[in-house]
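# Breakdown of the fold
Spelled out from the first residue to the last, the chains are:
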Amino acid sequence: MRSAIGLVVVIVVALFGANLVTFTVNEVEQVVVTQFGQPRDVITEPGLYFKLPDPIQKVTVFDKRLLDYDSDADPIYTNDKKILLLDNYARWRIVDALQFMQALRTENEAQARLDDIIYSELRKELGQHELAEVIATNREAIMDTVTVRAAMAALVYGIEIVDVRVKRADLPPENEAAVYNRMRAERAREAMA
């Protein structure tokens with residue numbers, strides 16, 4: 001009886017010890033191992049790995065999959081001085097885990113940085129086009145240009161921006177009322193003629 005209890009205790013202690021010095025990386029993760037806060041290794045392949053116990057070496061896990069960025073609607077001025085409330089989204093991924101960790105540390109910080117980069121590029125590009133181009137005729141080319149420029153700006157953070165798209169482009173509420181009133185007036189004129 002005593003040997004069975006002793007065996008169980010030894011197994012529990014061995015499993016606890018193994019947990020301190022091993023870690024796993026799955027297919028959708030990449031890992032940065034730091035030793036006393038300094039980067040030691042970047043692991044991108046799935047498997048079982050060994051490390052020194054936690055106070056000495058720490059493991060930081062980052063996602064390899066495509067991640068979503070979704071912004072709130074913000075006003076943007078077009079070339080013809082029209083205001084659009086633009087709601088956009090982007091797909092991005094971490095391509096350099098070490099660079100990402102040193103520059104941003106977390107996905108929340110990355111989201112904030114992406115917000116600055118993408119909104120800035122959207123403002124620059126949409127400021128060169130008229131409202132009709134943005135809404136109807138040239139939207140795809142504009143978004144491709146914004147994607148390329150934003151991707152180049154994000155590379156310094158270890159981020160690859162795959163795609164930027166406009167989810168919704170609306171006129172501000174005060175402009176909508178004026179547009180609808182003008183449309184009603186035009187329809188009434190056509191009906192009278």
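Residues numbered from 1 in each chain as written. Predicted model: local features only at pLDDT ≥ 70, side-chain atom pairs only at ≥ 80, totals over all residues. Heavy atoms only, no water.

Before going further, it helps to spend a moment on the side chain of T34. Mapped onto the fold, T34 is located in strand β2 (residues 29-35). If sequence neighbours within four positions are ignored, T34 has contacts with P39, R40, I56, Q57, K58 and M101. (Helix = DSSP H or I, 4+ residues; strand = E, 2+ residues; numbered from the N terminus. Contact = heavy atoms within 4.5 Å.)

Two elements in contact, helix α3 (residues 107-126) and helix α5 (residues 139-154), have axes separated by 9 Å at closest approach and are oriented at 140 degrees. For the element pair α3 / α5, the angle class is oblique. Where α3 crosses over α5, the two elements pack in a sense that is right-handed. Residue-level inspection shows I117, I118, E121, L122, E125 and L126 of α3 in contact with α5, the latter providing I142, M143, T145, V146, R149, A150, A153 and A154. Broken down by class, the residue content of the contact of α3 with α5 amounts to 10 nonpolar, one polar and three charged. (Axes fitted to C-alpha atoms, helices over the stretch in contact; angles between N-to-C directions. Parallel < 35°, antiparallel > 145°, perpendicular 65-115°, else oblique. Left-handed = near helix turned anticlockwise from the far one by under 90°. Nonpolar A, V, L, I, M, F, W, Y, C, P; charged D, E, K, R; others polar.)

The next point concerns α5. Residues spaced three or four apart along an α-helix point in a common direction, a consequence of the helix completing one turn every 3.6 residues. Between its first and last C-alpha atoms α5 spans 22 Å; for 16 residues at 1.5 Å apiece the expected length is 22 Å, and the two agree. I142, M143, V146, T147, A150, A151 and A154 are the residues of α5 that are buried. Projected down its long axis, α5 shows its buried positions confined to an angular sector of 160 degrees, all on one face. (Expected span 1.5 Å × (residues − 1). Buried < 20%, exposed > 50% of the residue type's maximum accessible area, 1.4 Å probe, protein only. Arc of directions from axis to C-beta.)

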